[in-house]
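# Secondary and tertiary structure notes
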Amino acid sequence: MKSVLQFIFWLLVAFVALFLAIVLGERGAWYLAWVLGTVMIILIAVAGTVMLDARYEDDPLE
Amino acid sequence: MHSLDTVVDLSRWQFAATVLYHFIFVPLTLGLSMLLATIETVYVITGRAIYRQMTLFWSKLFAINFALGVATGLTMEFQFGTNWSTYSHYVGDIFGAPLAIEGLMAFFLESTMVGLMLFGWGKLSRGKHLLVTYMVALGSNLSALWILIANGYMQSPVGSTFNPATMRMELTSFSNLVFNPDAQAKFVHTSIAGYLTAAMFVLGISAFYMLRKRHIELAKRSFRVAALFGIFASIAVICLGDALGFINGADQPTKLAAMEGLWKTAPAPAGFNLIAWPNQAEQKNEFELQIPYLLTPLVTHSFTESIPGVDALEKQAAQRIRNGIPALVALKTLREHPNDAAALAQFNAHKADLGYARLVQRYAPDVSNATGAQIQKAAADSIPPVAPVFWSFRIMVAAAFLMLGFLILAVNYSLRGTIVDKRWFLKVAPWMIPVPFIANEAGWLVAELGRQPWTVYEQLPTWISASTHSVGYMIFSLTGFVLLYSIFIVIEMYLMVKYIRLGPDDDGHGATESATQPRVSQWSEA
């Protein structure tokens with residue numbers, strides 16, 4: 001039951017994301033750019049930090 | 001008339017002072033909330049205690065800044081009613097909605113979530129706390145969105161029409177207001193400038209710690225996150241600045257001419273004035289250093305489109321003033337005889353230039369008798385103050401490129417893992433903290449001074465927008481605001497320096513874990 005509810009929740013999230021992408025892409029291209037840009041900046045900063053952390057964790061010189 | 005001019009000038013000074021103070025805090029709130037969410041995401045993913053310690057430390061500085069940002073922002077909204085009552089009456093139907101939503105975003109969503117973020121540690125699971133931090137970031141930025149939608153309307157009034165029956169502007173399309181291209185580009189530019197401000201702030205303080213060999217683990221990691229976060233923000237803010245310039249160039253040619261010190265319409269492709277000394281009285285640049293052919297592709301994204309200079313824009317303004325005068329005359333008739341069909345027809349035929357007629361009303365209260373000289377004087381008023389707009393723009397752009405260069409080096413040293421050894425760079429970094437703040441203030445000056453002489457572009461002149469306070473009242477309140485806000489700045493600086501000096505060890509949450517402590521189970525309750 002929990003899995004079904006989780007599935008429905010993420011399905012709704014996907015619908016909202018699609019709806020926003022369509023509406024913002026059509027009328028608010030810069031707003032969509034902000035959403036995508038912010039997500040990209042956060043993802044790259046997080047991924048880069050995790051990667052560098054793992055890299056230097058075993059490096060006693062750093 | 002002189003007293004009225006003085007009251008308008010003092011009202012402008014008061015609003016400018018409060019906004020300039022407020023805008024010191026806002027970009028840092030916008031950016032630091034996103035950066036906090038980024039750091040906390042790393043904490044939730046890796047489960048390393050050092051990232052929890054980092055989140056706690058930076059959220060302490062965020063809280064100080066947030067509190068003072070809210071305190072300085074409150075009075076601004078009241079000023080629309082107290083000092084700009086004509087403006088509020090004229091466009092309140094449109095301006096009121098985004099301003100009210102901004103208040104709801106700031107005080108309900110943002111402030112509630114800030115409380116949960118600061119005091120929810122240990123009470124919420126890590127996943128839930130992260131969600132709250134993201135809601136703080138979203139709330140801060142959505143709050144900025146609505147105030148910039150309101151500002152976008154002042155820059156490029158869309159989705160509204162003037163109703164001669166009520167003598168005010170009325171909203172015709174809420175979606176046009178929200179999706180106004182000026183508001184969109186301005187929001188994205190401002191929000192990302194906030195990210196850049198936060199990145200430079202975190203980089204500077206982290207460098208300070210590394211230089212002093214204090215909190216090295218926290219400082220190194222904070223530096224890495226901020227460098228990666230900042231480099232993309234820096235590139236984005238420059239690209240979006242170009243987009244905003246492109247939109248403004250089409251919507252507000254007077255602002256563009258002032259930004260570029262363009263007195264005469266030059267054949268395409270026009271040269272870009274890298275440095276110049278504009279002389280508004282004689283409508284020329286005393287000195288200019290020009291890069292040939294650059295301006296046209298820069299602002300029109302073409303090589304053939306001509307950019308109107310001040311000379312052409314003044315001629316257009318004079319023509320529009322003449323065309324708008326019958327609308328203003330008809331409006332006077334409609335005020336006394338609302339059902340006068342001839343007056344309504346005359347108004348509708350000339351209403352597009354109603355705002356321009358109001359410019360000459362300053363010199364000729366009975367506009368139907370306005371002389372050629374008065375019209376010419378009003379047309380000259382339609383050009384914003386060129387030198388401050390020109391130089392503010394260049395300061396902003398120079399600061400943006402300086403930060404980009406700095407961040408390229410910061411990322412390079414971070415990726416190589418050599419940042420701790422680059423003493424010269426660590427010494428420079430704290431001095432870079434003021435740079436984004438200077439750029440933000442300069443950007444605000446370009447946007448708002450460049451809109452003059454209008455509060456609502458081509459609709460409502462500034463000279464007519466203010467309340468009818470006495471000069472003494474305005475001097476008293478302006479002095480009070482400057483003193484109070486200066487105290488706020490001192491308090492902010494004192495608290496920031498105090499908590500930066502104390503560092504992350506004394507955070508009251510017992511979060512003194514080292515980077516080598518074992519990882520915590522990834523999704524466990526905190």
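Every value quoted in this text rests on a predicted model; they were computed, and no experiment measured them.

Reading guide: rules and limits
Residues numbered from 1 in each chain as written. Chains lettered and ligands numbered in written order. Predicted model: local features only at pLDDT ≥ 70, side-chain atom pairs only at ≥ 80, totals over all residues. Helix = DSSP H or I, 4+ residues; strand = E, 2+ residues; numbered from the N terminus. Rg over C-alpha atoms; globule rule 2.2 N^0.38 Å. Buried ≥ 20, exposed ≤ 12 C-beta atoms within 10 Å, placed from the backbone. Contact = placed C-beta atoms within 7 Å. Expected span 1.5 Å × (residues − 1). Nonpolar A, V, L, I, M, F, W, Y, C, P; charged D, E, K, R; others polar. UniProt positions renumbered as here; feature names shortened; annotations may be inferred. Axes fitted to C-alpha atoms, helices over the stretch in contact; angles between N-to-C directions. Left-handed = near helix turned anticlockwise from the far one by under 90°.

Here we take up the overall build of chain B. Across its full length, chain B carries 17 helices and 6 strands. Taken against the 2.2 N^0.38 rule, which gives 24 Å for 526 residues, the C-alpha radius of gyration of chain B at 26 Å falls within 12% of a compact globule. Dimensions along the principal axes, computed over C-alpha positions, put chain B at roughly 85 × 50 × 40 Å. When the 526 residues of chain B are sorted by exposure, 49% land in the buried category. Excluding contacts between residues fewer than 6 apart, the proportion of contacts in chain B whose partners are at least 24 apart in sequence is 78%.

Here the focus is helix α14 (residues 386-416) of chain B. End to end, α14 of chain B covers 45 Å across 31 residues, agreeing with the expected 45 Å (1.5 Å per residue, within 8%). At the C-terminal side of α14 of chain B, Gly417 of chain B shows a positive phi close to 75 degrees.

On to the interface of chain A and chain B, then. Each side of the interface is counted separately: chain A has 20 residues, and chain B has 25 residues. Examining the composition of the side of chain A that touches chain B, we find that 17 residues originate from one element, helix α2 (residues 29-57) of chain A, more than from any other. Of the residues belonging to the side of chain A that touches chain B, the class tally is 12 nonpolar, 5 polar and 3 charged.

Here we take up the UniProt feature "transmembrane region" (unreviewed entry) in chain A. Residues and elements named next belong to chain A. Taken from the UniProt record, the annotation "transmembrane region" (unreviewed entry) applies to residues 7-25 and 31-52. Secondary structure across residues 7-25 divides into 100% helix and 0% strand, with the first and last C-alpha atoms of the span separated by 26 Å. When the span residues 31-52 is considered, its composition is 100% helix and 0% strand, and the gap between its end C-alpha atoms is 31 Å.

What follows concerns the packing of α14 of chain B against helix α16 (residues 434-449) of chain B. Residue and element names in this part refer to chain B. The geometry of α14 relative to α16 is characterised by a closest axis approach of 8 Å and an angle of 145 degrees between their N-to-C directions. For the pair α14 and α16, the sense of crossing is left-handed. Across from Pro388, Val389, Ser392, Phe393, Ile395, Met396, Ala399, Ala400, Leu402 and Met403 in α14, the residues of α16 making contact are Val435, Pro436, Ile438, Ala439, Ala442, Gly443, Leu445, Val446 and Leu449.

A few words on unusual backbone geometry. Glycine aside, residues mostly have negative phi angles, and peptide bonds mostly take the trans form. All names here are of chain B. Residue Pro453 is reached from Gln452 by a cis peptide bond, and omega for that bond is 10 degrees. Summarising the element assignment, Pro453 is placed in the loop between α16 and β5 (454-456). You will see that His215, though not glycine, has its phi angle at about 45 degrees, which is positive. Mapping His215 onto the fold places it in the loop between α6 (181-211) and α7 (216-251). For His215, a count of 20 C-beta atoms within 10 Å puts it in the buried group. Look at Gln283: it is not a glycine, yet its phi comes out positive at around 50 degrees. Structurally, Gln283 can be placed in the loop between β3 (272-279) and β4 (284-291).

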